[in-house]
Amino acid sequence: MDYNFREMTLDDINEVIEGETKVFGDSLGFDMLYTELKFNPYAHYFVLEIDNHIAGYIGTWIEQEHSEIINFYVLEEYRNMGFGSMMLEFVIELVKMSNVPNISLEVRDHNEKAIRLYESFGFKYSHTRKNYYSNGDDAFVLILEV
């Protein structure tokens, strides 16, 4: 199995949308991802390629005072292989190098596996956002002080 972790390009958008839909049941959508990659100076998106197919991605905004993980997934068949940890660690290091004091993210309140991963990196529960997701699920907001 060959893998590559690289910056996301406009050509990756459709495959990322496919993956988001598989994992989450919906997607940020083409327009949002296109705008992020093309026009948002704070946006940093990366894809995990395995055998020339996108198997995951992570997107973050890094501003002067704060950073936020916008979206993050690894396809089911590639979980428990360390790829999620590798991607998350990369973004944390990127934020540290940018001298930004913290990272926040939202995670579905019932996604115990993802919550455990984030907690293993030091993320702490901050608060709950009720009905945050389009299907009505609540989100936990987690924050990591870097």
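Look up a bit, the structure's there.
In this report, the structure presented in the accompanying data block is examined. The numbers attached to residues start from 1 for each chain and follow its sequence in the written order. Totals for whole chains, interfaces and linings use all residues, but because this is a predicted model, local features are given only for residues with pLDDT of at least 70 and pairs of side-chain atoms are given and counted only at 80 or more. Heavy atoms throughout the structure, all of them, feed into the side-chain values; hydrogens and water do not.

**Considering the overall build of the chain**
In step 1: Numbering of helices and strands runs from the N terminus; a helix is a DSSP stretch of H or I covering at least four residues, while a strand is a stretch of E covering at least two. Scanning the chain for helices and strands turns up four helices and seven strands.
In step 2: Against the compact-globule benchmark of 15 Å for 146 residues, the chain has a radius of gyration of 15 Å, which places it among compact chains.
In step 3: Dimensions along the principal axes, computed over C-alpha positions, put the chain at roughly 35 × 35 × 30 Å.
In step 4: Note on exposure labels: buried denotes an accessible area under 20% of the residue type's maximum, exposed denotes more than 50%, and partly exposed covers the range between, all computed with a 1.4 Å probe on protein chains only. For the chain, the residues scored as buried account for 43% of the 146 residues in total.
In step 5: Throughout, a contact is declared for two residues whenever any of their heavy atoms are within 4.5 Å. Restricting the contact set of the chain to residue pairs at least 6 apart, pairs at least 24 apart contribute 58%. Only the C-alpha atoms count toward the radius of gyration. The rule for a globule is 2.2 Å times the residue count to the power 0.38.

**Description of the packing of helix H1 (residues 13–24) against helix H2 (residues 30–39)**
In step 1: Here, axes are lines fitted to C-alpha atoms. For helices the fit covers the stretch in contact, and angles between N-to-C directions go from 0 to 180 degrees. Remark: H1 packs on H2, axes separated minimally by 10 Å, with the N-to-C direction vectors making an angle of 130°. Here H1 lies oblique to H2, going by the angle between them. The two elements H1 and H2 cross, and the hand of that crossing is right-handed. For the pair formed by H1 and H2, the contact residues are Ile13, Asn14, Val16, Ile17 and Glu20 on the first element and Phe30, Leu33, Tyr34 and Leu37 on the second.
In step 2: Residue classes follow a fixed rule: Ala, Val, Leu, Ile, Met, Phe, Trp, Tyr, Cys and Pro count as nonpolar, while Asp, Glu, Lys and Arg count as charged, and any other residue, Gly among them, counts as polar. The residue inventory of the contact of H1 with H2, partitioned by class, reads seven nonpolar, one polar and one charged. Relative orientations are named as follows: roughly parallel for angles under 35 degrees, roughly antiparallel for angles over 145 degrees, roughly perpendicular for angles from 65 to 115 degrees, and oblique for any other angle. In this scheme, a crossing is called left-handed if the near helix is turned counterclockwise away from the far one by less than a right angle; it is called right-handed if the turn is clockwise.

**Concerning the pattern of salt bridges**
In step 1: Salt bridges are defined by distance alone: a side-chain nitrogen of Lys or Arg within 4 Å of a carboxyl oxygen of Asp or Glu. Within this structure, the stated rule accounts for seven salt bridges.
In step 2: With a closest N to O distance of 3.3 Å, Asp137 and Arg108 form a salt bridge. Residue Asp137 is located in the loop between strand E6 (124–129) and strand E7 (139–145), and its partner Arg108 is located in strand E5 (residues 102–108); the two are separated by 29 residues in the primary sequence.
In step 3: One continuous salt-bridge network, built from bridges that share partners, spans Arg6, Asp12 and Glu49.

**Considerations on the sheet that holds strand E1 (residues 3–7)**
In step 1: Taken in spatial order, the seven strands line up as E1-E2-E3-E4-E5-E7-E6 in an open sheet, and their pairing is mixed. At either end of the open sheet lies a strand with only one pairing partner, and these are E1 and E6. The sheet shows a mean angle of 25° between the axes of neighbouring strands, direction not considered.
In step 2: Note on pairing: two strands pair once DSSP finds at least 2 bridges between them. Two strands pair when backbone bridges link them, and strand E4 (residues 67–74) and E5 are joined in this way by two bridges, in the parallel orientation. Directly across from Glu68, in E5, lies its bridge partner Ser104.
In step 3: Packed on one face of the sheet, helix H3 (residues 83–97) meets E1, strand E2 (43–50), strand E3 (53–62), E4, E5 and E7 and runs near 165° to E4.
In step 4: In this fold helix H4 (residues 112–120) packs onto E4, E5 and E7, with an angle of close to 165° to the strand it touches most, E5.

**A closer look at the side chain of Asp138**
In step 1: Along the chain, Asp138 falls in the loop between E6 and E7.
In step 2: Whenever two N or O atoms come within 3.5 Å, that pair is a polar contact, provided that in protein one can donate a hydrogen and the other can accept it, and provided that, for residues adjacent in sequence, both atoms are side-chain atoms. A polar contact is formed between the side chain of Asp138 and the side chain of Lys130, at a distance of 3.3 Å.
In step 3: Ignoring any residue separated from it by four or fewer positions in sequence, one finds Asp138 in contact with Val107, Arg108, Asp109, Thr128, Arg129, Lys130, Asn131, Tyr132 and Tyr133.

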